[in-house]
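What follows is the residue order along each chain.
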Amino acid sequence: MFDAKKLLEQFLGSQGTGAGKSLGGTAQNALDMARRNPLAAGAIAGLLLGTKTGRKLSTSALKVGGLAAIAGLGYQAYKNYQAGKSPEQVTPQVTADSPLALPPPQSPFHPESDANDDAFALVLVRAMISAARADGHIDDVERGRIIGKISGAGLDPDAEAFLESELSRPADLDGLIAAAQSEEQKVELYTASRLAIEPDTRAERGYLDLLAGRLQLPDALVDHIDVAVSGAKA
């Protein structure tokens, strides 16, 4: 079985972010890795998410990358929501001089918490793929092109087979919803999906609205997640 957390790092474009580091601390390593093997550093996202979204995601994700990015952005949004702040009051926390920090070690959002095990990391990858397919741009021809490119991405063979399987089978929204057992996991599931989408089409916006509704996330919390993710991509 492949390392699901490592795949998520490769999917979002950053590798080697340690639990004790800020998310921006490995930006240069990620950029160096991207030059050596761009398909394994964000271009996986570019292939799956389409040119416009993939380019924007991979550029920003090199600064924040992987499970730590999803957890950190979700924690930031959840904390602001619980504090009673309005989304309009929140200033984006991710800048070149102020990288996104990890959640506290005791938080369920921390990447090394029991809630963020390999099984849930795999759920987050599935969520991003499902979101990427929401606008219908991955048809049979596009899927074949992506699968062909994935074979040159330097992935573990099991991880490569997993991605091919996910692209070939119908999206399972029910399964994704059922896999998020806690409120924190629901926030992370939506955050991962929102990272995969620039909701400027009706299909993409509709998918996110459906997902938020099925996860029973309050509108204000969803708005905070949108602000956090948009700030990370800006």
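Below, the structure is looked at part by part. (Residues numbered from 1 in each chain as written. Predicted model: local features only at pLDDT ≥ 70, side-chain atom pairs only at ≥ 80, totals over all residues. Heavy atoms only, no water.)

**What to know about the overall build of the protein chain**
Link 1 in the chain: A tally of helices and strands in the protein chain yields 12 helices and 0 strands.
Link 2 in the chain: Seen in sequence order, the protein chain has helices and strands lined up from the N terminus as α-α-α-α-α-α-α-α-α-α-α-α.
Link 3 in the chain: Expressed as a percentage of the 234 residues in the protein chain, the buried residues total 51%.
Link 4 in the chain: For the protein chain, contacts bridging at least 24 residues in sequence account for 79% of all contacts bridging at least 6.
Link 5 in the chain: Carbon and sulfur atoms form 50% of the exposed surface of the protein chain, whose accessible area is close to 10200 Å². (Helix = DSSP H or I, 4+ residues; strand = E, 2+ residues; numbered from the N terminus. Buried < 20%, exposed > 50% of the residue type's maximum accessible area, 1.4 Å probe, protein only. Contact = heavy atoms within 4.5 Å. Areas by Shrake-Rupley, 256 points an atom, 1.4 Å probe, with all protein chains shown as cover.)

**A short note on helix H8 (residues 157-168)**
Link 1 in the chain: With 12 residues, H8 should reach 16 Å at 1.5 Å per residue; the first-to-last C-alpha distance of 17 Å fits that figure.
Link 2 in the chain: If you check which residues of H8 are buried, you get Ala159, Glu160, Phe162, Leu163, Glu166 and Leu167. Viewed along the axis of H8, the buried residues span an arc of 160°, placing them on a single side of the element. (Expected span 1.5 Å × (residues − 1). Arc of directions from axis to C-beta.)

**Notes on a negative patch on the surface**
Link 1 in the chain: On the surface, a cluster of negative charge is made up of Asp3, Asp114, Asp117, Asp118, Asp156 and Asp158.
Link 2 in the chain: Tracing the backbone through its elements, the reader meets Asp117 in the loop between helix H5 (66-82) and helix H6 (118-132).
Link 3 in the chain: The class for Asp117 is partly exposed, based on a relative accessible area of 36%. (Patch = residues over 30% accessible without salt bridge, like charges linked within 9 Å, V, L, I, M, F, W, Y side chains within 5 Å. Salt bridge = Lys/Arg side-chain N within 4 Å of Asp/Glu carboxyl O. Lys, Arg positive; Asp, Glu negative; His and termini not counted. Charge placed at Lys NZ, Arg CZ, Asp CG, Glu CD.)

**A word on the pattern of salt bridges**
Link 1 in the chain: This model, assessed by the stated rule, comprises 6 salt bridges.
Link 2 in the chain: Two residues, Glu166 and Arg169, come together in a salt bridge whose shortest N-O distance is 2.8 Å.
Link 3 in the chain: Through salt bridges that share partners, Arg126, Glu166 and Arg169 make up one connected network.

**Here we look at unusual backbone geometry**
Link 1 in the chain: With a phi close to 60°, Gln216 is a non-glycine residue in the positive phi region.
Link 2 in the chain: Considering the arrangement of structural elements, one finds Gln216 in the loop between helix H11 (202-215) and helix H12 (219-233).

**Regarding the environment of Ala4**
Link 1 in the chain: Relative to the elements of secondary structure, Ala4 occurs in helix H1 (residues 4-12).
Link 2 in the chain: For the pair Ala4 and Leu67, spaced 63 residues apart in sequence, the C-alpha separation works out to 9.8 Å.
Link 3 in the chain: The residues contacting Ala4, other than those within four sequence positions of it, are Asp118, Ala121 and Leu122.

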